[in-house]
Amino acid sequence: MKTLQELTRPNIWALKPYSSARDEYQGKSASVFLDANENPYNGPNNRYPDPLQWDLKKSLSRLKGVAPERIFLGNGSDEAIDLVFRAFCEPREDNVVAIEPTYGMYLVCAEINEVEYRKVLLDEHFQFSADKILNAADEHTKLIFLCSPNNPTGNDLNHSEIERLLHRFDGIVVLDEAYNDFSEQPSFLKRLDDFSNLIVLQTFSKAWGCAAIRLGMAFASADIISVLTKIKYPYNVNQLTQQQAMEMLHRYYEIERWVTTLKEERDHLEKEFLKLPCVQKVFPSNANFFLVRVTDAVQIYKYLVEEGIIVRNRHTVALCGNCLRITVGTKMENETLIRALKKY
Ligand SMILES: *Cc1c(COP(=O)(O)O)cnc(C)c1O
């Protein structure tokens, strides 16, 4: 691997971050806070939140088995995705490589940051080859994006291939595990010690049922995390979000229950889909959604909209011609979908 300094943009490496009032005051117990120009009234929302979210990171650390210094929290995983471009990719000079098809935000962030985005097509089983990815890379490739289980295809990527890539690539591999809670495959979090060039992304938006609070997690070496922390907005995760996340940590048993139910419902839905005349193929899924190839995705999408049911039309996505992506809902919602499709 290249050194972190070689991988980081020189201006970012040299940057002295903004130091907020809450950064400067550390530790010692105080009761009079006259340092941040806050309004003393309207507690508790009058105070700036902890810029580094230590309480939340400590609790997450126990759940995830990762030291707090190796956790970055952001305004959704989308913040972490944007920050890795800004930290590591020199606009118009560096590039990134990603599997295709995959989550659309990697490309959007590349375009916003004027960074070349190289797509490497998955095979017909939606698997990738480390060699093909490495062939697409050159000395200006700073990041490789993988997503497992992948969106919109729903499948886990082959773990030995991910490992091979981590061993052979001299830049940073960003592995998006937004849907790992639904998968039987172990998370790569346990492998952080083995790979100093690995960033694992997870989110509160899916299994945790907290898309509204906007909270994403990045896990990596303490050195990579300090680079991301240095360039984030000082108060990027608001107090209400930190509180709600803490509350969810106390109700972790509920998340486990939701995941079990959603996986059962997914398997049931997939079986029902196989019986439908308009369905040509149901792709196996390790997530809380699945991809299905139908006779006419555009028509069926429109028909479902008229029935008041919204699915995701992926017809124009590479390898996904005539495919719809179906999110698993409640038992009732899923039944409504099946009923509608039966009369199509
Ligand atoms: C939904 C999703 C996310 C979550 O993004 P947030 O900004 O955390 O809501 C991340 N990655 C993938 C692949 C997703 O599908």
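In case you missed it, the structure is sitting above this.
Residues numbered from 1 in each chain as written. Predicted model: local features only at pLDDT ≥ 70, side-chain atom pairs only at ≥ 80, totals over all residues. Heavy atoms only, no water.

Now for the site of the ligand. Near the ligand lie 13 residues; those nearest to it are Asp176, Tyr179, Thr203, Ser205 and Lys206. Between the ligand and Asp176 there is a distance of 2.7 Å, counted from a nitrogen atom to a side-chain nitrogen or oxygen. Here an oxygen atom of the ligand sits 3.3 Å away from a polar atom, N or O, in the side chain of Lys206. Contact with the protein chains hides 93% of the accessible area of the ligand, taken as 390 Å² for the molecule alone. Among the residues making up the shell around the ligand, the classes are represented as four nonpolar, five polar and four charged. (Near = heavy atom within 4 Å. Polar contact = N/O pair within 3.5 Å; in protein donor to acceptor, adjacent residues only side chain to side chain. Areas by Shrake-Rupley, 256 points an atom, 1.4 Å probe, with all protein chains shown as cover. Nonpolar A, V, L, I, M, F, W, Y, C, P; charged D, E, K, R; others polar.)

Attention now goes to the nonpolar core. Membership of the largest hydrophobic core comes to 54 residues, with the highest contact counts inside it found for Phe128, Leu146, Leu165 and Phe204. Apart from the residues lying within four places of it in its own chain, the contact partners of Phe204 are Leu60, Gly209, Cys210, Ala211, Ile213, Leu215, Met217 and Ala245. Membership of the second largest hydrophobic core comes to 33 residues, among which are Cys109, Cys147, Leu228 and Ile231. (Core = buried A, V, L, I, M, F, W, Y, C linked by side-chain atoms within 4.5 Å. Buried < 20%, exposed > 50% of the residue type's maximum accessible area, 1.4 Å probe, protein only. Contact = heavy atoms within 4.5 Å.)

This part is about the packing of helix 5 (residues 77–88) against helix 6 (residues 105–112). Where helix 5 contacts helix 6, the axes come no closer than 9 Å and their chain directions differ by 40°. Between helix 5 and helix 6, the interaxial angle falls into the category oblique. Helix-helix and strand crossings are classified by hand; for helix 5 and helix 6 the assignment is right-handed. Across the interface between the two elements, Asp78, Ile81, Asp82 and Phe85 from helix 5 touch Met105, Tyr106, Cys109 and Ala110 from helix 6. In terms of residue class, the contact of helix 5 with helix 6 is built from six nonpolar, no polar and two charged. (Axes fitted to C-alpha atoms, helices over the stretch in contact; angles between N-to-C directions. Helix = DSSP H or I, 4+ residues; strand = E, 2+ residues; numbered from the N terminus. Parallel < 35°, antiparallel > 145°, perpendicular 65-115°, else oblique. Left-handed = near helix turned anticlockwise from the far one by under 90°.)

Mapped onto the elements of the fold, Ser61 is located in helix 4 (residues 54–64). Look at Ser61 and you get buried, because its relative accessible area is 14%. Polar contacts involving the side chain of Ser61 include one to the main-chain carbonyl oxygen of Val66, which spans 2.7 Å. Among residues more than four places away in sequence, those in contact with Ser61 are Val66, Ala67, Pro68 and Ile71.

As for its position among the elements, Leu249 is in helix 10 (residues 239–250). Sequence-wise, Leu249 and Leu122 are 127 residues apart; in three dimensions their C-alpha atoms are separated by 36 Å.

Position of Asp156 relative to the elements: it lies in the loop between strand 4 (141–147) and helix 8 (159–168). Looking at Asp156, the relative accessible area reads 9%, which means it is buried. Sequence-distant contacts of Asp156, that is, excluding residues within four places in its chain, are made with Gln127, Ser148, Pro149, Ser183, Gln185 and Asn286.

Further remarks concern the environment of Val200. In this structure, Val200 sits in strand 6 (residues 198–203). For Val200, a relative accessible area of 0% puts it in the buried group. Along the backbone, Val200 and Thr336 are 136 residues apart, and their C-alpha atoms lie at a distance of 36 Å. Filtering out sequence-adjacent residues up to four positions away, Val200 remains in contact with Leu175, Glu177, Phe188, Leu189, Leu192, Met217, Ala218 and Phe219.

Read from one edge of the open sheet, seven strands run 1-7-6-5-4-2-3, paired in mixed fashion. Bordering the open sheet on either side are strand 1 (71–74) and strand 3 (116–121), each of which pairs with just one other strand. When strand polarity is set aside, the average angle formed by the axes of neighbouring strands in this sheet is 20°. Note: strand 1 against strand 7 (residues 216–219), four bridges, orientation antiparallel. Looking across to strand 7, one finds that Ile71 is bridged to Phe219. Helix 4 rests against strand 1, strand 6 and strand 7 of the sheet, and its axis sits at about 120° to strand 1. Against the sheet, helix 5 contacts strand 1, strand 2 (95–100), strand 4, strand 5 (172–176), strand 6 and strand 7, and its axis sits at roughly 160° relative to strand 4. (Pairing = 2+ DSSP bridges.)

This brings us to the pattern of salt bridges. When the charged atoms of two side chains lie near each other, side chains of opposite charge can form a pair. Enumeration over the complete set of coordinates arrives at 21 salt bridges. Salt bridges here are not isolated pairs; linked through shared partners, they connect Glu116, Arg118 and Asp138. (Salt bridge = Lys/Arg side-chain N within 4 Å of Asp/Glu carboxyl O.)

Next up on the list: unusual backbone geometry. With omega at -10°, the peptide bond leading from Ser148 into Pro149 counts as cis. Considering the arrangement of structural elements, one finds Pro149 in the loop between strand 4 and helix 8. The omega torsion of the bond from Asn151 to Pro152 falls at 15°, within 30 degrees of zero and hence cis. Checked against the element boundaries, Pro152 lands in the loop between strand 4 and helix 8. Phi is positive for Asn42, which is not a glycine, with a value near 70°. Tracing the backbone through its elements, the reader meets Asn42 in the loop between helix 3 (21–24) and helix 4.

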